[in-house]
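Observations on the model geometry
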Amino acid sequence: MSSQAISDTPEQIEGWDGVVDDFATEEEAFKQVPWGKSMMWIFLLSDTFIFSCFLIGYMAVRMTTTVPWPPASEIFALTIAGEHVPLLLIAIMTFILITSSGTMALAVNFGYRRDRKTTFWLMLVTALLGASFVGMQAFEWTKLITEEGIRPWGNEFGAAQFGATFFMITGFHGMHVTAGVIYLLVVAFRVRRGKYEHTDYEIVEITGLYWHFVDLVWVFIFAFYYLW
Amino acid sequence: MEHAEGQQHPLGVYFKIWGLLFVLSGLSYMVDFLEVQGYLRWTLIIVFMLLKAGLIISVFMHMMWERLALIYAILLPPLLLVTFIGLMAVEANYIFWTRLIFGASS
């Protein structure tokens, strides 16, 4: 902190003493964090527990079943030009989501620069990538249901729990992505209209937090459901 | 002081992390593509997963630039999940052996 720090900014203690001080003062605990951002973080914390419950439930049923677990790598394979490629669609979906996280991070940056036009376009691209992710998921579900005959109560490849956990976990994640696309579009058009001109554009960062979280959950689903 | 004008960082940081996330995703995909099996597979999957999660949370979600009070408030509670996972693993193991011994077919 420079000596020319704004005079109405209170002196802030760093490190562990700072944590104690932040929580002990009779003001807000999270200093200089917009309230919307704290609330989004707390919401994401609760969402973490929801997704963890799903993944732990998946772990439990996968460990308890005495029937072999279906080969995920084979089931999610695509045949391109006669070539059998395992997990191809899932890999593409993963890269799309990471790309959208990147454009979102840039949107947050341009938001704080008050560059409305660039922020709008970056958020629009993020939303479109998100929508294409949901589209691919719809394709994946259709293929699984109609071609592979996987149902929540059973399938031909092995343990019946495969379908139940798959539709539950990816369905809930897909719902989050869909909600995120709508959220992104609403905020993007409001940014373009100049609705947030009186703020510091922390709304873009808050929207970004939600979007990065959706990407974060996918990292765990990809590791535990598709790769394990 | 950076917080005065929000979370403003050089763009290069984001591009670097973006690239790293692509590389890590590629590597975790290679684990499946090259059919690595057993403990090596599980270790690699978890290592790449945690690295990706760490990069997303700390840089893309700006956690590394937040005040320690917020970091602790958000990142400590999920540690409880470790206990939850442990409990459920013990329980699942018990159910698995019960099913094997008593010949249940699910």
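Note that the structure is a prediction, hence the values are computed from the model and not measured.

Thoughts on the overall build of chain B
- Scanning chain B from terminus to terminus reveals four helices and zero strands.
- Reading the helices (α) and strands (β) of chain B from amino to carboxyl end gives α-α-α-α.
- Since a compact globule built from 106 residues should have a radius of gyration of about 13 Å, the 20 Å found for chain B marks it as more spread out than a globular shape.
- Taken over the C-alpha atoms alone, chain B extends approximately 65 × 35 × 20 Å along its principal axes.

Observations concerning the overall build of chain A
- When you go through chain A residue by residue, the secondary structure sums to seven helices and two strands.
- Taken from the N to the C terminus, the helices and strands of chain A come in the order α-α-α-β-β-α-α-α-α.
- Relative to a compact globule of 228 residues, whose C-alpha radius of gyration would be 17 Å, chain A shows 22 Å and is clearly more extended.
- Oriented by its inertia axes, the alpha-carbon framework of chain A measures out at about 70 × 40 × 25 Å.
- Per-residue burial for chain A yields a buried fraction of 52% across its 228 residues.
- Of the contacts made within chain A by residues no fewer than 6 positions apart, 72% connect residues no fewer than 24 positions apart.
- As displayed, chain A offers around 10,300 Å² of accessible surface, 65% of which is attributable to carbon and sulfur atoms.

Here's the deal with the interface of chain B and chain A
- Of the residues lining the interface, 57 residues belong to chain B; the matching set on chain A comes to 67 residues.
- Both faces combined, the contact of chain B with chain A buries some 5,500 Å², and carbon together with sulfur accounts for 75% of it.
- Broken down residue by residue, the surface that chain B buries against chain A is led by Y29, M61 and R67 of chain B, which jointly contribute 14%.
- For the pair chain B and chain A, the interface holds three salt bridges.
- With a shortest N-O distance of 3.4 Å, R67 of chain B and E14 of chain A are connected by a salt bridge.
- Our count for the chain B to chain A interface comes out at 13 residue pairs in polar contact (both at pLDDT 80 or more).
- Mapped onto the side of chain B that touches chain A, the elements with two or more residues apiece are α1 (11–33), α2 (38–60), α3 (68–75) and α4 (80–102) of chain B.
- The biggest single contributor to the side of chain B that touches chain A is α1 of chain B, with twelve residues.
- For the side of chain B that touches chain A, the residue count by class is 38 nonpolar, twelve polar and seven charged.

Here we look at the nonpolar core
- One finds F76, W218, Y225 and Y226 of chain A together with F60 of chain B to be the most contacted residues of the largest nonpolar core, which totals 92 residues.
- Setting aside chain neighbours within four positions, we find W218 of chain A in contact with I90, M93, T94, L97, F133, H173 and Y226 of chain A.

About the cut-offs
- Residues numbered from 1 in each chain as written.
- Chains lettered and ligands numbered in written order.
- Predicted model: local features only at pLDDT ≥ 70, side-chain atom pairs only at ≥ 80, totals over all residues.
- Heavy atoms only, no water.
- Helix = DSSP H or I, 4+ residues; strand = E, 2+ residues; numbered from the N terminus.
- Rg over C-alpha atoms; globule rule 2.2 N^0.38 Å.
- Buried < 20%, exposed > 50% of the residue type's maximum accessible area, 1.4 Å probe, protein only.
- Contact = heavy atoms within 4.5 Å.
- Areas by Shrake-Rupley, 256 points an atom, 1.4 Å probe, with all protein chains shown as cover.
- Buried area = accessible area lost by both parts, 1.4 Å probe.
- Salt bridge = Lys/Arg side-chain N within 4 Å of Asp/Glu carboxyl O.
- Polar contact = N/O pair within 3.5 Å; in protein donor to acceptor, adjacent residues only side chain to side chain.
- Nonpolar A, V, L, I, M, F, W, Y, C, P; charged D, E, K, R; others polar.
- Core = buried A, V, L, I, M, F, W, Y, C linked by side-chain atoms within 4.5 Å.

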